[in-house]
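Below, each chain spelled out in residue letters.
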Amino acid sequence: MKNVKKNFAIVMGMMAFLFIQTISYAQNNMAEFVAKWENGKQFTLEVVDKMPDDLLAYKPHESAMSFTDQIVHLSAAMAGMSQRFLNGDKPSFDLSAKPTSKADIKAFVANCYDYVKATASKLSDAQMGESVDVFGNSATRRQALALIDDHTTHHRGAAISYIRSNGIEPPRFRAM
């Protein structure tokens, strides 16, 4: 009987630990995402800063997007996908804006990053696990957020290659 009580106490302790661990993990996931997202925002703004004003319209090929188009696209897409897939409110800024000056581009980037952070932060872990239609596929909102992050990274990387192709050293990557 003592062994049964002892084993029961061990099992209950493990269950309590796992329950607390699960709650802690869910809360840390968003905090970790927000920290990573803020880092990505600063990195993207540094990428914009590195490109000289006279090269903002640079394209490596006639069929490619310009540097500005890459940055505006990644920004508008992140906010648009967040509105659509993460239950975002209507943004307070124009998603179809076409900024051309470096200052306006940076303001647009910051607005879009801040919108995604605010939108994602409002969602509970249960809501992040809900399935939504993402371009004809079923995915969780968590997967949609990962898609938004991947898409942003992809286009920022293209913009970095534009900087390099002009003989300019891009900002140093920092993961955190």
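Residues numbered from 1 in each chain as written. Predicted model: local features only at pLDDT ≥ 70, side-chain atom pairs only at ≥ 80, totals over all residues. Heavy atoms only, no water.

Draft legend 1. Spotlight on the nonpolar core. Ranked by size, the top nonpolar core spans 41 residues in total, and within it Trp 37, Val 47, Phe 67, Ile 71, Met 78, Leu 86 and Leu 145 carry the most contacts. Broken down by secondary-structure element, the contributors of at least two residues to this core are α1 (2-50), α2 (67-85), α3 (102-121), β1 (131-134) and α5 (141-165). Counting residues per element, this core draws most heavily on α2, which supplies ten residues. In contact with Ile 71, other than residues within four places in its own chain, are Val 47, Val 48, Ile 105, Val 109 and Ala 159. (Core = buried A, V, L, I, M, F, W, Y, C linked by side-chain atoms within 4.5 Å. Buried < 20%, exposed > 50% of the residue type's maximum accessible area, 1.4 Å probe, protein only. Helix = DSSP H or I, 4+ residues; strand = E, 2+ residues; numbered from the N terminus. Contact = heavy atoms within 4.5 Å.)

Draft legend 2. Representation of the pairing of β1 within the structure. Every second residue of β1 is oriented toward a common face, the buried set being Val 132 and Val 134 and the non-buried set Ser 131 and Asp 133. One ladder, built from four bridges, connects β1 with strand β2 (residues 137-140); its direction is antiparallel. Across the sheet, the residue bridging to Val 132 is Ala 139, located in β2. In this structure, the hairpin formed by β1 and β2 is closed by a connection of two residues, where Phe 135 is found at a positive phi of approximately 50°. (Pairing = 2+ DSSP bridges.)

Draft legend 3. Local environment of the pattern of salt bridges. Overall, the coordinates contain eight salt bridges when judged by the stated rule. Across the pair Glu 130 and Arg 141 runs a salt bridge whose closest N-O atoms are separated by 2.3 Å. On the criterion of sequence distance, the pair formed by Glu 130 in the loop between α4 (125-128) and β1 and Arg 141 in helix α5 is long-range, its members being eleven residues apart. (Salt bridge = Lys/Arg side-chain N within 4 Å of Asp/Glu carboxyl O.)

Draft legend 4. Here's a closer look at the packing of aromatic side chains. Evaluation of the coordinates by the stated rule reveals seven aromatic pairs. Note on Tyr 58 and Tyr 162: the rings are 5.8 Å apart at their centroids and 85° apart in plane angle, and the pair reads as edge-to-face. Note that Tyr 58 is positioned in the loop between α1 and α2 and Tyr 162 in helix α5, a separation of 104 residues in sequence. One aromatic cluster in this structure is built from Phe 33, Trp 37 and Tyr 113. (Phe/Tyr/Trp six-rings, centres within 6.5 Å; stacked < 30°, edge-to-face > 60°.)

Draft legend 5. Layout of unusual backbone geometry. If you check the backbone angles, Asn 87 has positive phi at about 60° while not being a glycine. Within the secondary structure layout, Asn 87 lies in the loop between α2 and α3.

Draft legend 6. Molecular detail of α5. Its 25 residues give α5 an end-to-end C-alpha distance of 36 Å, which sits within 8% of 36 Å, the value for a rise of 1.5 Å per residue. Within two residues after α5, Gly 167 carries a phi angle of roughly 75°, on the positive side. (Expected span 1.5 Å × (residues − 1).)

Draft legend 7. The side chain of Ser 66, seen in detail. For Ser 66, the location among the structural elements is in the loop between α1 and α2. A polar contact is formed between the side chain of Ser 66 and the backbone nitrogen of Asp 69, at a distance of 3.0 Å. Not counting residues within four places of it along the chain, the set of residues in contact with Ser 66 comprises Leu 56, Ala 57, Tyr 58, Lys 59 and Tyr 162. (Polar contact = N/O pair within 3.5 Å; in protein donor to acceptor, adjacent residues only side chain to side chain.)

Draft legend 8. Seen up close, the packing of α2 against α5. The interhelical angle for the contact between α2 and α5, taken along N-to-C directions, is 175°, at an axis separation of 9 Å. In terms of orientation, α2 lies roughly antiparallel with respect to α5. The residues of α5 that touch α2, namely those facing Phe 67, Gln 70, Ile 71, His 73, Leu 74, Ala 77, Met 78, Met 81, Ser 82 and Phe 85, are Arg 141, Ala 144, Leu 147, Ile 148, His 151, Thr 152, His 155, Arg 156, Ala 158, Ala 159, Tyr 162 and Ile 163. Residues of the contact of α2 with α5, tallied by class, amount to 14 nonpolar, six polar and two charged. (Axes fitted to C-alpha atoms, helices over the stretch in contact; angles between N-to-C directions. Parallel < 35°, antiparallel > 145°, perpendicular 65-115°, else oblique. Nonpolar A, V, L, I, M, F, W, Y, C, P; charged D, E, K, R; others polar.)

Draft legend 9. Focus on the packing of α2 against α3. Taken N-terminus to C-terminus, the directions of α2 and α3 make an angle of 25°; their axes are 9 Å apart at the nearest point. Our classification of the angle between α2 and α3 gives roughly parallel. For α2 against α3, the interelement crossing comes out left-handed. When α2 is examined against α3, the residues Thr 68, Ile 71, Val 72, Ser 75, Ala 76, Met 78, Ala 79, Ser 82 and Gln 83 are found in contact with a partner set consisting of Ile 105, Phe 108, Val 109, Cys 112, Tyr 113, Tyr 115, Val 116 and Thr 119. Of the residues that constitute the contact of α2 with α3, the class distribution is twelve nonpolar, five polar and no charged. (Left-handed = near helix turned anticlockwise from the far one by under 90°.)

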